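# Summary of structural features
Spelled out from the first residue to the last, the chains are:
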Amino acid sequence: MSDLEYPAGLRYTAEHEWLRTEGDTVRVGITAFAQEALGDVVYVSLPAVGDSVAAGDTCGEVESTKSVSDLYAPVSGEVTAVNPALDATPELVNTDPYGEGWMYELRPADSADVDALLDADAYTAQLS
Amino acid sequence: MTDLRRSPLHDRHVALGAKMADFGGWSMPIEYPGGGVVAEHTAVRERVGLFDVSHLGKARVSGPGAAAFVNACLTNDLRRIGPGQAQYTMCCDESGGVVDDLIQYLRADDDVFLVPNAANTAEVVRRLAAAAPEGVLVEDRHEGYGVLAVQGPRSDEVLRRLGLPTDHDYMSFVETTWDGLPVIVCRTGYTGERGYEIIPAWDVTASVWDALLEAVRAEGGLPAGLGARDTLRTEMGYPLHGNDLSLDITPVMAGAAWAVGWDKDTFWGKDALVAQRVAKDGRLMRGLVVTGRGIPRSHCAVRDASGALVGEVTSGTFSPSRKQGIALALLDRSVTLGDEVVVDVRGRDVAATVTRPPFVEAGVRSS
């Protein structure tokens, strides 16, 4: 995990979440930096499908063997899906943070909110 | 973070890319790249792991009557062991609370070596030195020795690769040399697995580490950080001072009455501990196994089925072996083994069953 990657097509938050727009929804996960900092992820608590969240709300938790971090809603919207695989295999967050380790999907109240988030360059710039 | 103390292996850990963190005032490796807590934990349970635990304290009590003096201070009964053997014991306050838990190595009647916890060494040494009779010397040797723990079912193969002795009993030690350097090889550890703790002089610890790490890798093992040491010891129900033992948590409450020499004439805290034991007073340390989803953490409240507060978690983690949340908790005596309780994990109710640790079978005495 020494070469952490931040794909160019995604949007990012300062709280180390990523967003990928897929039609009228966005898929949300945590970045390679976040999973590396957490260590082995052993439990993920996600919002429920149908929940309405406001930007900045705590909407879940990611736990590693040694610590726990909150998940923050990156934009306001409605939860449309959660990753069912994380219940049995939370380690996907470590092994494939931008793929199989995704967390949930939102239908943003305003898609402009997504565009206003950080791009990969801006995210990596604030990491260093 | 600037004044953290450093292990003699600090440069080795940095070169390996370890995540370092403050542990009892020492900058120590929590986990290594290519491993991680779960992989390092599994390596120890199934093969072998190498830990740097040089942050642990070292102290020497020597002079005529040294062993008798230590025996009149610390809880366990040194008369139960002979020279070349080690014993788990506790340094209690007169209130019965635990100043520290430690291992005492009986070298001779006039020579006892102590390994307290990093953060408590100075206080243990201070209390012993203040009480020592004329002729008994108490020395803080914290940076006199390193401590390397080889733990796991393949520990013997690792030591044999270095020509170190392996055939001594659990909780015994042998003083020998490696490459001309004096080392103490103790059949001790805090993981629940068969294993050894090797004590070289501080300044040569790095060369012993290098040889051990090569042997550990050759046996399919990994360097392991203090993150894995914590999940391993929690699975065994071994207490961590500051969490499961403290000035407010006595050996009676912690289920460590076995480490108290009740028949001894005196030891620090005896009156308070005897009174508590007779009165059946105070909460008791129990195990919790989560039946639902979630991981209890220290200080989480524990409630019974009716919602009444019955205790508090002292250590909690995810058990890599059982793949579920486990915890040690101080619970009211009204709670019994097998009871269903609820742990308040940051406002979420997590169901758990009250058990008696360990959470996995110990392998320390296996061959």
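Note that the structure is predicted; figures quoted are calculated from it, not measured.

A few words on the overall build of chain B. Within chain B, the secondary structure is distributed over 8 helices and 20 strands. The globule rule puts the C-alpha radius of gyration for 367 residues at 21 Å, and the 20 Å found for chain B is close to it. Overall, the C-alpha framework of chain B stretches about 65 × 50 × 45 Å when taken along its three principal axes. Taking all 367 residues of chain B together, 58% fall into the buried category. A separation threshold of at least 6 residues defines the contact pool for chain B, and within that pool the share at least 24 residues apart is 66%. Just so you have it, chain B exposes about 14,400 Å², and 49% of that area is on carbon and sulfur atoms. For chain B, the centre of its 38 positive side-chain charges and the centre of its 48 negative side-chain charges are spaced 4 Å apart.

The next thing to look at is the sheet that holds strand β7 (residues 68-72) of chain A. Sheet strands pair by backbone hydrogen bonding; their relative direction is either parallel or antiparallel. All names here are of chain A. Taken in spatial order, the 3 strands line up as β4-β6-β7 in an open sheet, and their pairing is antiparallel. Of all the strands in the sheet, the pair left with one neighbour each is β4 (41-45) and β7. Averaged over all adjacent pairs, the angle separating strand axes in this sheet is 20°, with direction ignored. Across 5 bridges, strand β6 (residues 58-64) lies against β7 in antiparallel orientation. When the sheet's bridge partners are listed, G60 is paired in β7 with L71.

The predicted model of chain B has a mean per-residue pLDDT of 96, with 99% of residues at 70 or higher. If you check the scores for this complex, the pTM reads 0.93 and the ipTM reads 0.84.

Take the pattern of salt bridges next. Taken as a whole and judged by the stated rule, the model has 28 salt bridges over all chains. Between A:E61 and B:R348 there is a salt bridge, and its shortest N-O distance comes to 3.6 Å. Note that A:E61 is positioned in strand β6 and B:R348 in strand β20 (residues 348-355), a pairing that runs across two chains. By relative accessible area, which is 10% here, A:E61 ends up buried.

Turning to the pairing of strand β2 (residues 19-23) of chain B, a few remarks are in order. Here β2(B) pairs with strand β3 (residues 26-31) of chain B via 5 bridges, running antiparallel. When the bridges of β3(B) are listed, B:M20 appears paired with B:P29.

Conventions we followed
Residues numbered from 1 in each chain as written. Chains lettered and ligands numbered in written order. Predicted model: local features only at pLDDT ≥ 70, side-chain atom pairs only at ≥ 80, totals over all residues. Heavy atoms only, no water. Helix = DSSP H or I, 4+ residues; strand = E, 2+ residues; numbered from the N terminus. Rg over C-alpha atoms; globule rule 2.2 N^0.38 Å. Buried < 20%, exposed > 50% of the residue type's maximum accessible area, 1.4 Å probe, protein only. Contact = heavy atoms within 4.5 Å. Areas by Shrake-Rupley, 256 points an atom, 1.4 Å probe, with all protein chains shown as cover. Lys, Arg positive; Asp, Glu negative; His and termini not counted. Charge placed at Lys NZ, Arg CZ, Asp CG, Glu CD. Pairing = 2+ DSSP bridges. Axes fitted to C-alpha atoms, helices over the stretch in contact; angles between N-to-C directions. pLDDT = per-residue confidence, 0-100. Salt bridge = Lys/Arg side-chain N within 4 Å of Asp/Glu carboxyl O.

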